[in-house]
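Observations on the three-dimensional arrangement
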Amino acid sequence: MLFFFGSFTAFGQHSDCNCISALEEISALIQHSKSYKIQIKKENREQEFQQWKEKIITEIKQDELSEYFCAGYLQKYASFIKDRHNQIYKVPEDLAENIPTYKKSIDTTKIEDNISGIYHAGRDQIFLKKENDSLWLGITLKSASEGWKKGKMRLKINKTEDGSFEIFEFFANGILSYQNNIKIENGRIQGTFWNKANQYFFHVNHEQNFNFRSINADFDYIGIKTLSRTRNLMKEAQVFYEDHLEKLSKENLIIDLRNNAGGAIKQAEPLIKSLQKNENIRHIFVLINFKTASAAELVALQLKKDKRSIIAGENSRGMLEYGYGNKSFSAKTDCLGFNVSFSTKHENNNLHQYETKGITPDLYLQNTSNWIDQIVEFSKLP
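About the criteria used
Residues numbered from 1 in each chain as written. Predicted model: local features only at pLDDT ≥ 70, side-chain atom pairs only at ≥ 80, totals over all residues. Heavy atoms only, no water. Buried < 20%, exposed > 50% of the residue type's maximum accessible area, 1.4 Å probe, protein only. Helix = DSSP H or I, 4+ residues; strand = E, 2+ residues; numbered from the N terminus. Pairing = 2+ DSSP bridges. Right-handed = clockwise from strand over helix to strand, strands pointing away. Axes fitted to C-alpha atoms, helices over the stretch in contact; angles between N-to-C directions. Contact = heavy atoms within 4.5 Å. pLDDT = per-residue confidence, 0-100. Expected span 1.5 Å × (residues − 1). Arc of directions from axis to C-beta. Domains from an automatic or database assignment. Buried area = accessible area lost by both parts, 1.4 Å probe. Disulfide = S-S within 2.5 Å. UniProt positions renumbered as here; feature names shortened; annotations may be inferred. Parallel < 35°, antiparallel > 145°, perpendicular 65-115°, else oblique. Left-handed = near helix turned anticlockwise from the far one by under 90°. Nonpolar A, V, L, I, M, F, W, Y, C, P; charged D, E, K, R; others polar. Core = buried A, V, L, I, M, F, W, Y, C linked by side-chain atoms within 4.5 Å.

Within an unreviewed UniProt entry, the label attached to the protein reads Peptidase family S41, and the organism entered is Zunongwangia mangrovi.

Bringing the pairing of strand β12 (residues 252-256) into the picture now. Of all five residues that make up β12, five are buried, and the element is covered over most of its length. Residues Asn252, Ile254 and Asp256 point to one face of β12 and Leu253 and Ile255 to the other, with burial holding for every one of them. Where β12 and strand β13 (residues 283-288) come together, five bridges link them in parallel fashion. Paired with Asn252 across the two strands is His283, which belongs to β13. One crossover worth recording links β12 to the parallel β13 by way of helix α7 (residues 269-277), and it is right-handed.

This part covers the sheet that holds strand β5 (residues 153-159). One open sheet accounts for six strands, arranged β2-β3-β4-β5-β6-β7; its pairing is antiparallel. With one partner strand each, in any of the chains shown, β2 (117-121) and β7 (176-182) form the two edges of the open sheet. With direction set aside, neighbouring strand axes in the sheet form an average angle of 25°. Alignment of β5 against strand β6 (residues 165-170), held across five bridges, turns out to be antiparallel. Of the residues in β6, the one forming a bridge with Lys156 is Phe168. With respect to the sheet, helix α4 (residues 70-78) is in contact with β5, β6 and β7, its orientation differing from that of β7 by roughly 45°.

Averaged over the protein, the pLDDT score is 93; the fraction of residues at 70 or greater is 96%. Below pLDDT 50 for its whole length, residues 1-14 participates in 30 contacts with residues either more than four positions away or in separate chains.

Counted at 1.5 Å a residue, the expected span for helix α6 (residues 231-244) with its 14 residues is 20 Å, and the 20 Å between its end C-alpha atoms agrees. Those residues of α6 that sit buried are Leu233, Ala237, Phe240, Tyr241 and His244. Burial along α6 is one-sided: seen end-on, the buried residues are contained in an arc of 95°. Residues of α6 that are exposed and point over 90 degrees away from its buried face: Arg231, Asn232 and Glu242. Contacts made by the buried residues of α6 are with β10 (210-216), β11 (219-224) and α7.

Further remarks concern the domain arrangement of the protein. Many authors give the size of an interface as the accessible area that is lost as the parts come together. Along its sequence, the protein is carved into domain 1 (19-189) and domain 2 (210-319 + 355-379). Taking the mean C-alpha position of each, domain 1 and domain 2 sit 32 Å from one another. With eight residues of domain 1 in contact, the opposing surface of domain 2 contributes nine residues. Carbon and sulfur atoms supply 45% of the area buried between domain 1 and domain 2, which totals about 810 Å² over both sides.

A separate point is the state of the cysteines. Counted according to the given criterion, the structure contains two disulfides. Here Cys17 is linked by a disulfide to Cys335, with a sulfur-sulfur distance of 2.3 Å. Measuring the twist about the S-S bond at about 115°, one finds the Cys17-Cys335 disulfide to be right-handed. Remark: Cys335 occurs in the loop between β16 (329-332) and β17 (339-342) and Cys17 occurs in the segment before α1 (19-29); sequence separation between them is 318 residues. Grouping residues by exposure puts Cys17 and Cys335 together as buried. Paired through a disulfide, Cys19 and Cys70 show a sulfur-sulfur distance of 2.2 Å. With the S-S bond torsion at 100°, the cross-link from Cys19 to Cys70 turns out right-handed. Of this pair, Cys19 sits in helix α1 while Cys70 is found in helix α4, placing the two residues 51 residues apart along the sequence. When its relative accessible area of 0% is taken as the criterion, Cys19 is described as buried. We classify Cys70 as buried; its relative accessible area is 1%.

The positions UniProt marks with the feature "domain: Tail specific protease" (unreviewed entry) are residues 160-366. Structurally, residues 160-366 is divided into 16% helix and 29% strand, and its ends, taken at the C-alpha atoms, are 26 Å apart.

Here we take up the packing of α1 against helix α3 (residues 46-62). It is the contact of α1 with α3, at a shortest axis distance of 10 Å, that shows an interaxial angle of 160°. Of the possible angle classes, the one that applies to α1 and α3 is roughly antiparallel. Crossing geometry of α1 relative to α3 is assigned as right-handed. Where α1 approaches α3, its residues Cys19, Ile20, Leu23, Glu24 and Ser27 are matched on the opposing element by Lys53, Ile56, Ile57, Ile60 and Lys61. Grouping the amino acids of the contact of α1 with α3 by side-chain chemistry returns six nonpolar, one polar and three charged.

What follows concerns unusual backbone geometry. For residues other than glycine, phi is negative in most cases, and the peptide bonds are mostly trans. Phi at Ser294 is positive, roughly 55°, even though this residue is not glycine. On the secondary structure map, Ser294 appears in the loop between β13 and α8 (295-304). A positive phi angle, close to 70°, is found at Thr356, a residue other than glycine. Relative to the elements of secondary structure, Thr356 occurs in the loop between β18 (345-346) and β19 (363-364).

Of all hydrophobic cores here, the largest spans 43 residues; its most connected members are Ile30, Phe49, Phe69, Leu74, Tyr77, Ile88 and Phe338. Take this core: its biggest share by element is six residues, from α4. The contact partners of Leu74, leaving out residues within four places of it in the chain, are Cys19, Ala22, Leu23, Ile26, Ile88 and Phe338. If you look at the next biggest cluster of nonpolar residues, it comprises 32 residues, including Phe240, Ala268, Ile284 and Ile359.

This is the structure we're talking about:
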């Protein structure tokens, strides 16, 4: 099978340094994470975690391209612990050497199942090709990013033993990301930008850090781009809330937390407290998507406590139960030079149900039309 993919030169020139060696290092380093101490050490699951490592080693040995996808296997190993603040990554210096090339001919008109086909992510385009009953390869057709030449492998999807799907996805900068339990439906790979229709209604580009507008006579809109707790942003948030919170007098309010990667919930406290006192608002729609993470998810849960709130969109990122506190545990493996950042703070046991899964919306929105318009139309239903 290897001859399908170009020569193997990325890693592994030294027999004592390979993906399995890096896994052994990660196995020792991850014991520093707060989540390991709680979920593995405290629960006496060391043997179970060891068995999981042996399974990952077997998968690495069976995958002839494992060194290209090594970061993904390390992340898969770490995913046994439910903590998305545990991160393992590497930025490749040269995409040409570190990304495999698919060498067989590709017929984009040959679609073997409802998963296969042409997918888009902005100006990037891949052909997701079925290799066998449990493997799909995403092969670059065109890209706006330098280094992503036609034929470069952008992602691979495996169907696992339990029938679910997992994805190894290279971002434009070459960083590899692993996700398990993904869904592929309605022409979209959930948890990613890749979709067949080349539509991005689940996405938002806020022009400002804080955004306010009147949608119509019944709807106001607030969009929060970030919850970063810098001095300037805290001042900017304070001014924004002073200017707009008292003006919220319409029956419906949309709070857009899409793409908000978090920061500190303290930044949103004036908003939460003001809404609790506002009797003019009948419905609060909180918009989330797969990039809503960490403190932004905590804000969504705080808003959800209000009986008027409806969480809308898609599942959020699932980074709630743990955090980095004042500083994460950071290191770099000697073998292959992977960067690691592990959690050092446990937020709340009650958040475990959301970790890695994300917050499930009360109202799922489809990638078929503008999400704001979908909410407005939903509000008209009896």
